[in-house]
Amino acid sequence: MELLSRISQLVDDVRKKQPLVHHITNYVTVNDCANMALAVGGSPVMADEIEEVEDMVSIANALVINMGTLNKRTVESMLAAGKKANELGIPVIFDPVGVGATRYRTLIAQRLIEEIKFTVIRGNISEIKAISGVQATTRGVDASEEDSSELKDGREAQRLAQNLSRKLGCVVAITGAVDTISNGEKTFSIHNGHPMLSKISGTGCMCTTLIGVCCGATDDFILGAAAGVLIMDLAGERAYESLDKVCSGVGSFKVKLMDQVSRISGQNIVEGAKIYEV
Amino acid sequence: MELLSRISQLVDDVRKKQPLVHHITNYVTVNDCANMALAVGGSPVMADEIEEVEDMVSIANALVINMGTLNKRTVESMLAAGKKANELGIPVIFDPVGVGATRYRTLIAQRLIEEIKFTVIRGNISEIKAISGVQATTRGVDASEEDSSELKDGREAQRLAQNLSRKLGCVVAITGAVDTISNGEKTFSIHNGHPMLSKISGTGCMCTTLIGVCCGATDDFILGAAAGVLIMDLAGERAYESLDKVCSGVGSFKVKLMDQVSRISGQNIVEGAKIYEV
Amino acid sequence: MELLSRISQLVDDVRKKQPLVHHITNYVTVNDCANMALAVGGSPVMADEIEEVEDMVSIANALVINMGTLNKRTVESMLAAGKKANELGIPVIFDPVGVGATRYRTLIAQRLIEEIKFTVIRGNISEIKAISGVQATTRGVDASEEDSSELKDGREAQRLAQNLSRKLGCVVAITGAVDTISNGEKTFSIHNGHPMLSKISGTGCMCTTLIGVCCGATDDFILGAAAGVLIMDLAGERAYESLDKVCSGVGSFKVKLMDQVSRISGQNIVEGAKIYEV
């Protein structure tokens, strides 16, 4: 109860504070992330030129680093912006898209983790396994079926999140059919969302953006991570409910997902969230 | 009346002439700009490799330079394309996204303005202030609340647009709750649009694209700028009207905005435009 | 009949096999391509850093190379990924966007064709003409009206597709009002689709993605190409049918196109396809 009312408060605060979130992100889902940030009440800015990222992050309330379409040029910008954010005490959210799929991605993820102190890391179970050095079966940018099946039980994901969280001193969020969020001490399990969220591109990236916006409006980062994940999950449920089942599909679902994020309030969180400390 | 019928004519001409508009733009809103150009009757082409931009702009009817996600590589392409367009008498539209937010952006905007003769510059009030060398309070890529409040009165925006227009010898369009367009001699004020336009990413960029398409079909560039702004404003009003208020949000609004731009005609301009010479 | 049932079977197989399709593509339509791949049952991954493209393509079932926004950096990645795919026997689909519009595009297309053995090349008639060394009148990225008018008769497109197919030893698909697909021996003509498909950005790119996904689930690549084109065409027809004609436009059409691709089944192909061997 207490937890829910704090998350609810944060969701309402975000609309008042309009946190500015600097993104260094991929070119696949960047527009969806910008619109998500606006829909939830934040203000997105995307900038990846090394000459300006330190200036840009200095005026931001949070930094999102997403490695969906990595390249050598922007890796240097990620490092510069991340270090500057650390210096200024600005939260840095990391989305290690596709880590484990190629040696380069794994290498860069390691380098980013070594040189930047992340506030929150969000990934699917394959990605979090790869980052943890556990054998993962990443296939492209989606979680493998093998890895996903472990989510049903939940204990494996909880252990993973806790261990990585303790090792890196940051909040870890594993999203999937069930979501697990840990700061090493407390661990939460979220039983919301809808399977259609996995049928459109970029819901992982958008969730990371929502976490970024929420962390830009609080100092309690496990709360920020939980709020971001819950907003995405509840908006997904409500989008599906409002869908005309006779002729709709993924296109309409994506539009309605955006609609629902723009309509969500703290009160909706209180009413719909299924979040449990484990 | 005479003005409205000329804008109306231009909007209809655009659908016949299908101007080809070369964009060197950011990767956040580029898809929306391409679809906007098509929706209004133009033909978009995006190309930013320095080896080809001069060839590409040579077959275009207008060039749009948008600095949303600047980087060193594409700045050189912007310069090359802009100079070629100047040489060939092709109109060049400039969207100085986020100028003032970082020193790099301000520097690059200055360099572009020095080396390219722009036909139209469109920005929000914070951006136009920054370009004018007036103290602005740019926060990321959105106009600051402080600066926006000045729009209500209007005289400050009119003075800014006139002065910058005279200084650079180009049309200046300041968009916001009220839009101001000046070529130094004549200044127009547009009282159309809808607040939801500021709730989705890229409406500024899309407006610049619309101006680009319109300027690709006329030699009267203040008319082209006014037509582009009016199309966006009226489509925004009509999109909001057609919205199901019970369960819609920003996702549906964006879809309907695109719908309305694709349906707009010169007749709609005559019926709905609130444009005044000031 | 036999042909239709094989295409129908392939469309259903795609949903079971979920082919992973590595894209090196442009930043204009990349999000639409990712969502199309997911909608039809595939799994998209976008990666263009030369350090990782060989690793990425090695785990993929098909590679799509789309030159919409070419630059020197990604050309090298295209070459590396394409050669690796050839080595491993992974099908490579080429979309020569805008070839002929600039000398650079023509040069790069030639270089890609010389160094990579493509499985399928898909383009509009202006692009296929330019690649064939026939005088084309490419205007930006859309087929010219002159070239398009030749599609009505069909024999010119058939000859072009057959000749290029024999010359390069690959399947050639020319899409437009009528689609022509040839492997040099057999040539098919498809009379499906809807004019609104040309009113939104990226339907060519999305069609190439659909071909990529289908070719990732079969060894019969002319079948894969035909399936991809038919999915796009039939989804376009069904999207238009389901459109509210009173207030809809290109925005709604695009959403419904995505909806229909996500709903399409082999049975729909059997019922709606108008494909003929010529």
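Residues numbered from 1 in each chain as written. Chains lettered and ligands numbered in written order. Predicted model: local features only at pLDDT ≥ 70, side-chain atom pairs only at ≥ 80, totals over all residues. Heavy atoms only, no water.

Attention now moves to the overall build of chain A. Across its full length, chain A holds 12 helices and nine strands. Relative to the compact-globule value of 19 Å for 278 residues, chain A shows a C-alpha radius of gyration of 17 Å, a close match. Judged by the C-alpha coordinates and their principal axes, chain A covers about 45 × 40 × 40 Å. The buried share of chain A, reckoned over its 278 residues, is 67%. In chain A, of all internal contacts separated by at least 6 residues, the share reaching a separation of at least 24 is 72%. Total accessible area on chain A stands at roughly 9,500 Å², and carbon and sulfur atoms take up 49% of it. (Helix = DSSP H or I, 4+ residues; strand = E, 2+ residues; numbered from the N terminus. Rg over C-alpha atoms; globule rule 2.2 N^0.38 Å. Buried < 20%, exposed > 50% of the residue type's maximum accessible area, 1.4 Å probe, protein only. Contact = heavy atoms within 4.5 Å. Areas by Shrake-Rupley, 256 points an atom, 1.4 Å probe, with all protein chains shown as cover.)

With that out of the way, let us pick up the relation of the copies chain C and chain B. The operation relating chain C to chain B is a screw motion whose rotation component is 120 degrees, with 0.0 Å of axial translation and a residual RMSD of 0.0 Å. On this basis, the relationship between the two copies can be described by a three-fold rotation axis. For chain C, the minimum C-alpha distance to the rotation axis belongs to Tyr27 of chain C and amounts to 3.5 Å. Little of the interface of chain C is mirrored in chain B: 6% of its interface residues are interface residues there too. (Least-squares fit on C-alpha atoms with pLDDT ≥ 70 in both.)

Quick look at the interface of chain B and chain A now. Each partner contributes residues to the interface: chain B has 33 residues there, and chain A has 34 residues. The largest per-residue losses of area from chain B upon contact with chain A belong to Tyr27, Val28 and Arg139 of chain B, which jointly make up 24% of the total buried on that side. Note that Glu52 of chain A and Arg105 of chain B form a salt bridge whose closest N and O atoms lie 2.7 Å from each other. Linking chain B to chain A there are 17 residue pairs in polar contact (both at pLDDT 80 or more). Elements that contribute at least two residues to the side of chain B that touches chain A include exactly α5 (103-115) and α11 (250-263) of chain B. In terms of residue class, the side of chain B that touches chain A is made up of 11 nonpolar, 12 polar and 10 charged. (Buried area = accessible area lost by both parts, 1.4 Å probe. Salt bridge = Lys/Arg side-chain N within 4 Å of Asp/Glu carboxyl O. Polar contact = N/O pair within 3.5 Å; in protein donor to acceptor, adjacent residues only side chain to side chain. Nonpolar A, V, L, I, M, F, W, Y, C, P; charged D, E, K, R; others polar.)

Residues and elements named next belong to chain C. Spatially, β2-β1-β3-β4-β5-β6-β7-β8-β9 is the arrangement adopted by the nine strands of the open sheet, whose pairing is mixed. Edge positions in the open sheet fall to β2 (43-46) and β9 (275-277), since each of these has one partner strand only. For this sheet, the mean inter-axis angle between neighbouring strands, taken without regard to orientation, is 20 degrees. (Pairing = 2+ DSSP bridges. Axes fitted to C-alpha atoms, helices over the stretch in contact; angles between N-to-C directions.)

Attention shifts here to the packing of aromatic side chains. Two aromatic rings, taken as a pair, are described by how far apart their centres are and by the angle between their planes. Residue and element names in this part refer to chain A. Enumeration over the complete set of coordinates arrives at three aromatic pairs over all chains. Their ring planes at 10 degrees and their centres at 4.5 Å tell us that Phe94 and Phe118 sit as a pair that is stacked. Note that Phe94 is positioned in strand β4 (residues 92-95) and Phe118 in the loop between α5 (103-115) and β5 (120-123), a separation of 24 residues in sequence. Residue classification places Phe94 among the buried positions, given a relative accessible area of 0%. On the accessibility criterion, Phe118 (5% relative accessible area) is buried. (Phe/Tyr/Trp six-rings, centres within 6.5 Å; stacked < 30°, edge-to-face > 60°.)

Further remarks concern the confidence of the model for chain A. Here chain A shows a mean pLDDT of 95. Residues at 70 or above account for 97%. The complex prediction reports pTM at 0.96, with the ipTM value standing at 0.95. (pLDDT = per-residue confidence, 0-100.)

Before going further, it helps to examine the environment of Ser149 of chain B. Positionally, Ser149 of chain B belongs in helix α7 (residues 145-153). Separated by 28 residues in the primary sequence, Ser149 of chain B and Ala177 of chain B have C-alpha atoms spaced 9.3 Å apart.

Two measures define how a pair of helices packs: the angle their axes make with one another and the distance between the axes. All names here are of chain B. As a packed pair, helix α1 (residues 2-17) and helix α10 (residues 221-241) sit with axes 10 Å apart at the nearest point and diverge in direction by 75 degrees. Of the possible angle classes, the one that applies to α1 and α10 is roughly perpendicular. On the side of α1, the interface is formed by Leu3, Arg6, Ile7, Leu10 and Val11, while α10 contributes Leu223, Gly224, Ala226, Ala227, Leu230 and Ile231. (Parallel < 35°, antiparallel > 145°, perpendicular 65-115°, else oblique.)

With 33 residues of chain C at the contact, the number on the chain B side is 34 residues. Across the chain C/chain B interface, buried area totals approximately 2,600 Å², and carbon plus sulfur atoms make up 49% of it. Sorting the residues of chain C by area buried against chain B places Tyr27, Val28 and Arg139 of chain C first, and these three jointly supply 23% of that buried surface. Between chain C and chain B we count 17 residue pairs in polar contact (both at pLDDT 80 or more) in total. Of the residues contributing to the side of chain C that touches chain B, the split by class is 11 nonpolar, 12 polar and 10 charged.

What follows is about the pairing of strand β7 (residues 179-182) of chain A. Residue and element names in this part refer to chain A. What you see with β7 is no split at all: Asp179 and Ile181 on one side and Thr180 and Ser182 on the other are buried throughout. One ladder, built from three bridges, connects strand β6 (residues 171-174) with β7; its direction is antiparallel. Bridging across to β7, Ile174 finds its partner in Thr180. The hairpin turn running from β6 into β7, its antiparallel successor, is four residues long. Turn length for the β7-strand β8 (residues 187-190) hairpin, with the two strands adjacent in sequence and antiparallel, is four residues, and the turn residue Gly184 shows positive phi of about 95 degrees.

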